[in-house]
Amino acid sequence: MRRRSSLTAEKDSDPELKQRPGRAAAHPATRGRQGPGEEPGMGKRPFRRLGLLGKIKRMMMVLLFVYVSIPFIIKLFPSIQAKLVFLNFVRMPYFIDLKRPLDQGLNHTQNLYLEPEAGQKIGVWHTVPAQMWRDAQGKDGDWYRSAFSSAHPVILYLHGNAGTRGGDHRVQLYKVLSSLGYHVVTFDYRGWGDSDGSPSERGMTSDALFVYDWLRQRMEKTLPLYIWGHSLGTGVATNLVRRLSERGSPPDALILESPFTNIREEAKSHPFSMVYRFLPGFDWFFLDSITANNIRFANDENVDHISCPVLILHAEDDGVVPFHLGKKLYSLASRSSSLSGHKVQFVAFPAALAFRHKFIYRSPELPNILSDFLGAAHPAVA
């Protein structure tokens, strides 16, 4: 007994032989006997879960703050809304040289610059009919100007927002129209592409009027000149044709591709507005901000002051400008007193064709549609 007690005393007195705190917790055999407060990991798991929930909650609060803030920011700074309407800062495709239409497959196109106002230039492309492409190789500006005297009609194309005159779907349409025997003249409004200035509805319309008059001065008076507007360009087109009609010199026809009634109705129907469309005060926050920038593009009003044939093209699956807006504009145009006696036609493209907002040029029926509407065979098939 004495010997055992002395051995026990030696163990107790030897600091190296004493059990160190936490050693039992590290041993697998003793892990199951630890109390809830002795294992650090057991107490932290609930807190980790709460931390994840906290992060999600914090993120949702940030998104809610951003969602609520955007309408107030736009109301305080209405110029932001103007940028969203024009999207002229979105230049697609990127890294193309607008001075070289040849790079986009337009080997019978001239790039030039005009000055609607002193010291302000706009970039213009003139694509001659495909039948003239061989003659166009290596030719200078004088040859292209003289080409307007050929027996081919001219289409002035007014593009929509975003991108430039070199946008792919636009280039593909130029090729189609050129193959049908038309001269195609298009340009970037002030503030778009490599054109000078800042965008505005008034400036866009002024640029279009300048180019139209420039064309009329160079064309044979007997040759037809048509105006084709797409999307936001339909607003420019009806503004232009209204002014031409009021001065007694309307174009030979107006073609509206994917048009809307007015910019307020289009903004309300646009996919971007979906998350705010049912917000109380939507009109006050967003639509009134557009009006504050003097942006109207009132196609529905303009058709009451237009006096030339009107053709409307719209795809049923258009996700940018809803089909019902094009249909509504046609209904208004067909009842317009100023269009009485002029041909007004609406052509719908079924959703199954998947032409959406900017691929109507793919329609194999487009040549026949244009030929029937304009009342004459195309020069290419005459």
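Since this is a predicted model, take the numbers as computed values, not measurements.

Moving on, we get to the pairing of strand β6 (residues 253-257). On a regular strand, each side chain points to the face opposite its neighbour's, so the side chains alternate between the two faces of the sheet. A large share of β6 lies buried, amounting to 5 of its 5 residues. Side chains Ala253, Ile255 and Glu257 project from β6 onto one buried face, and the interleaved Leu254 and Leu256 project onto a second face that is buried too. As judged from the 5 bridges shared by strand β5 (residues 225-230) and β6, these two strands associate in the parallel manner. When the bridges of β6 are listed, His230 appears paired with Glu257. Running through helix α10 (residues 232-246), the crossover from β5 to the neighbouring parallel element β6 is right-handed. By the bridge criterion, 4 bridges tie β6 to strand β7 (residues 310-315) in an arrangement that is parallel. Each residue of the ladder has a partner; that of Leu254, found in β7, is Val310.

Let us now look at the packing of aromatic side chains. Throughout the structure, instances matching the rule amount to 13 aromatic pairs. Measuring from centroid to centroid gives 5.1 Å for Trp143 and Tyr144, while their planes differ by 85 degrees, and the two rings are edge-to-face. Like Trp143, the residue Tyr144 is buried in the burial classification. Where Tyr189 meets Trp192, the ring centres are 5.3 Å apart and the plane angle is 75 degrees; that geometry is what we call edge-to-face. The exposure class assigned to Tyr189 is buried, which follows from its relative accessible area of 0%. Judged by its relative accessible area of 0%, Trp192 is buried. Here the guanidinium or amino end of Lys75 rests over the ring plane of Trp284, the centre of that ring lying 4.2 Å away.

Summing up the model confidence of the protein chain, the mean pLDDT is 87 and the portion of residues at 70 or higher is 85%. Segment residues 1-9: pLDDT under 50, and 0 contacts once partners within four positions in sequence are set aside and those in other chains are kept. Confidence drops under pLDDT 50 across residues 22-33; counting only partners more than four residues distant or on other chains, this segment forms 9 contacts.

A word on the nonpolar core. Counting residues in each nonpolar core, the largest one holds 58 residues, and the members touching the most others are Leu158 and Leu215. In this view, Leu215 contacts Phe148, Val154, Leu156, Val185 and Leu225; residues no more than four positions away in its chain are not counted.

Turning our eyes to something else, we now look at the packing of helix α9 (residues 201-218) against α10. Where α9 meets α10, the closest approach of the two axes is 9 Å, and the angle between their N-to-C directions is 60 degrees. Taken together, the axes of α9 and α10 are oblique relative to one another. Here the hand of the crossing between α9 and α10 comes out right-handed. Within the contact between the two elements, α9 uses Glu201, Met204, Thr205, Ala208, Leu209 and Tyr212 and α10 uses Leu232, Val236, Asn239, Leu240, Arg243 and Leu244.

Turning next to the side chain of Thr238. For Thr238, the position within the fold is in helix α10. Here Thr238 falls in the buried class, since its relative accessible area comes to 0%. There is a polar contact of 2.5 Å between the side chain of Thr238 and the side chain of Asn299. Those residues in contact with Thr238 that sit more than four places away from it in its chain are Leu254, Leu256, Asn299, Asn302 and Ile306.

With respect to the helices and strands, the residue Lys75 is situated in helix α4 (residues 40-76). The residues contacting Lys75, other than those within four sequence positions of it, are Trp284, Phe285, Asp288 and Ser289.

A few words on α10. Under the 1.5 Å per step criterion, the end-to-end length of α10 is 22 Å for 15 residues, consistent within 8% with the ideal 21 Å. Of the residues making up α10, those classed as buried are Leu232, Gly233, Thr234, Gly235, Val236, Ala237, Thr238, Asn239, Leu240, Val241, Leu244 and Ser245. Positioned one or two residues after α10, Gly248 has a phi angle of 85 degrees, which is positive.

On to the pairing of strand β8 (residues 344-349), then. When β7 meets β8, the two strands line up parallel, connected through 6 bridges. By the bridge assignment, Val310 is partnered in β8 with Val344. Each parallel crossover has a hand, and the one from β7 via helix α14 (residues 323-334) to β8 is right-handed.

Applying the stated criterion across every chain yields a total of 14 salt bridges. One salt bridge in this structure joins Lys328 and Glu265, with 3.0 Å as the shortest N-O distance. One end of the pair, Lys328, is in helix α14; the other, Glu265, is in helix α11 (residues 263-269), with 63 residues separating them in the sequence. For Lys328, a relative accessible area of 38% puts it in the partly exposed group. The partner of Asp283 in a salt bridge is Lys268, with the nearest N and O atoms 3.6 Å apart.

Moving on to a nonpolar patch on the surface. Where nonpolar side chains cluster on the molecular surface, the patch consists of Leu52, Leu53, Ile56, Met59, Met60 and Leu63 and spans about 640 Å² of accessible area. When you line up the elements, Met60 lands in helix α4.

Criteria and cut-off values
- Residues numbered from 1 in each chain as written.
- Predicted model: local features only at pLDDT ≥ 70, side-chain atom pairs only at ≥ 80, totals over all residues.
- Heavy atoms only, no water.
- Buried < 20%, exposed > 50% of the residue type's maximum accessible area, 1.4 Å probe, protein only.
- Helix = DSSP H or I, 4+ residues; strand = E, 2+ residues; numbered from the N terminus.
- Pairing = 2+ DSSP bridges.
- Right-handed = clockwise from strand over helix to strand, strands pointing away.
- Phe/Tyr/Trp six-rings, centres within 6.5 Å; stacked < 30°, edge-to-face > 60°.
- Lys NZ or Arg CZ within 6 Å of the ring centre and 35° of its normal.
- pLDDT = per-residue confidence, 0-100.
- Contact = heavy atoms within 4.5 Å.
- Core = buried A, V, L, I, M, F, W, Y, C linked by side-chain atoms within 4.5 Å.
- Axes fitted to C-alpha atoms, helices over the stretch in contact; angles between N-to-C directions.
- Parallel < 35°, antiparallel > 145°, perpendicular 65-115°, else oblique.
- Left-handed = near helix turned anticlockwise from the far one by under 90°.
- Polar contact = N/O pair within 3.5 Å; in protein donor to acceptor, adjacent residues only side chain to side chain.
- Expected span 1.5 Å × (residues − 1).
- Salt bridge = Lys/Arg side-chain N within 4 Å of Asp/Glu carboxyl O.
- Patch = residues over 30% accessible without salt bridge, like charges linked within 9 Å, V, L, I, M, F, W, Y side chains within 5 Å.
- Areas by Shrake-Rupley, 256 points an atom, 1.4 Å probe, with all protein chains shown as cover.

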